Structure formats: C-alpha cells, structure tokens
Amino acid sequence: MQPDARISAIAHVIQLAVAPVFLLTGIASLLGVLTNRLGRVIDRARLLEGHLPDITGEHKSIVHVDLKMLSRRARHINRAISLCTTAALMVCMVVAVLFVSAFLTLDISRVIAGLFVVAMVCVIAGLVSFLREVYLATLSLRIGPH
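Before going into details, it helps to say that this report is about the structure given with it. (Residues numbered from 1 in each chain as written. Predicted model: local features only at pLDDT ≥ 70, side-chain atom pairs only at ≥ 80, totals over all residues. Heavy atoms only, no water.)

Some words on the overall build of the protein
Piece 1. For the protein, the count of helices and strands is three helices and zero strands.
Piece 2. Taking 2.2 N^0.38 as the reference for a compact globule, 146 residues should give roughly 15 Å; the C-alpha atoms of the protein span a radius of gyration of 23 Å, well beyond that estimate.
Piece 3. The dimensions of the protein, computed from C-alpha atoms along their principal axes, are 80 × 25 × 20 Å.
Piece 4. A burial count over the protein gives 31% of its 146 residues as buried.
Piece 5. As presented, the protein carries roughly 9,700 Å² of accessible surface, and 67% of it is formed by carbon and sulfur atoms.
Piece 6. Across the protein, 14 positive and 8 negative side-chain charges occur, with their mean positions spaced 5 Å apart. (Helix = DSSP H or I, 4+ residues; strand = E, 2+ residues; numbered from the N terminus. Rg over C-alpha atoms; globule rule 2.2 N^0.38 Å. Buried < 20%, exposed > 50% of the residue type's maximum accessible area, 1.4 Å probe, protein only. Areas by Shrake-Rupley, 256 points an atom, 1.4 Å probe, with all protein chains shown as cover. Lys, Arg positive; Asp, Glu negative; His and termini not counted. Charge placed at Lys NZ, Arg CZ, Asp CG, Glu CD.)

Dropping the structure here:
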C-alpha cells in the first residue's frame, strides 16, 4: 500500500471510530452516576450500622430491613457498573479492531459487529439493573415522620 493510501485509510478509520468514542463518553457519564449512587448507598449503610448498637426493639428491626434493602440496591448498582464497564471495554475493542483492520486485508466486519452488539447488550442490561435499583430506592423511600 502506498504511503498516501495508508494515510487515507487511517483517516477513514479515525472517522469510523468517532461514533464509538462518543458512546464511550456516554457510558463514562453513566458510570459516574452509578458510582455516586453506590457511594451514597454505602455511606447510608455505614451510618445505619453505626447506630445498631445504640438501638433496640422495633427500631432495630426497621434498621435491619433498611440495611437489607440497601444491600439489594448495592448489588443492582454493582451489576450495572460491571455491565457498563464491560460495554466500555467492548467499545474500546471495536476501536482497536477498526485500527487493526486498516492494516490487514482480512474482512473482520463480523468481529466488529459482534463486539458492538455485545457492548449494546451490556449497556441495555446495565440500564435495566440501574432502573431496578432506582425502583427499589423509590419503593423504600419514606418521607416525613414514621
């Protein structure tokens, strides 16, 4: 391949890689939201656990129920973080394979498509897990005196 043709091929690959890079930005933003929510759940659980030795009776059982719910929420957030991180890794692989394909004569379009589909399935599953966590948070919400 001529030097001009290689530069042209690389420029084309960079153009193709722009959309996945924007997708990575979106996934990174979602990961930021998820990690913040996980941090808040952990902080709340530590606060409640710190009060356990000082409370008795019905209040203690309420705190245990709250801790159980926080544990469920943390599992859903952790699952969402794992899935979204996997999706981000798959998108990175798409970009890497795009660049490798610029130098190979093999048709690896199926590999690229497969990696992208896996990434989208992971994002979808991560969002479903996030939605479930938000539902649980809303379900356990208590406003006012109780």
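The structure having been displayed, the exposition proceeds.
Remarks on the pattern of salt bridges
Piece 1. Inspection of every chain in the model, using the stated rule, returns two salt bridges.
Piece 2. The partner of arginine 37 in a salt bridge is glutamate 133, and the shortest N-O contact between them spans 2.7 Å. In this pair, arginine 37 is assigned in helix H1 (residues 3-51) and glutamate 133 in helix H3 (residues 109-139), connecting sequence segments 96 residues apart.
Piece 3. The partly exposed category is assigned to arginine 37, whose relative accessible area is 24%.
Piece 4. The network of salt bridges with common partners includes Arg37, Arg73 and Glu133. (Salt bridge = Lys/Arg side-chain N within 4 Å of Asp/Glu carboxyl O.)

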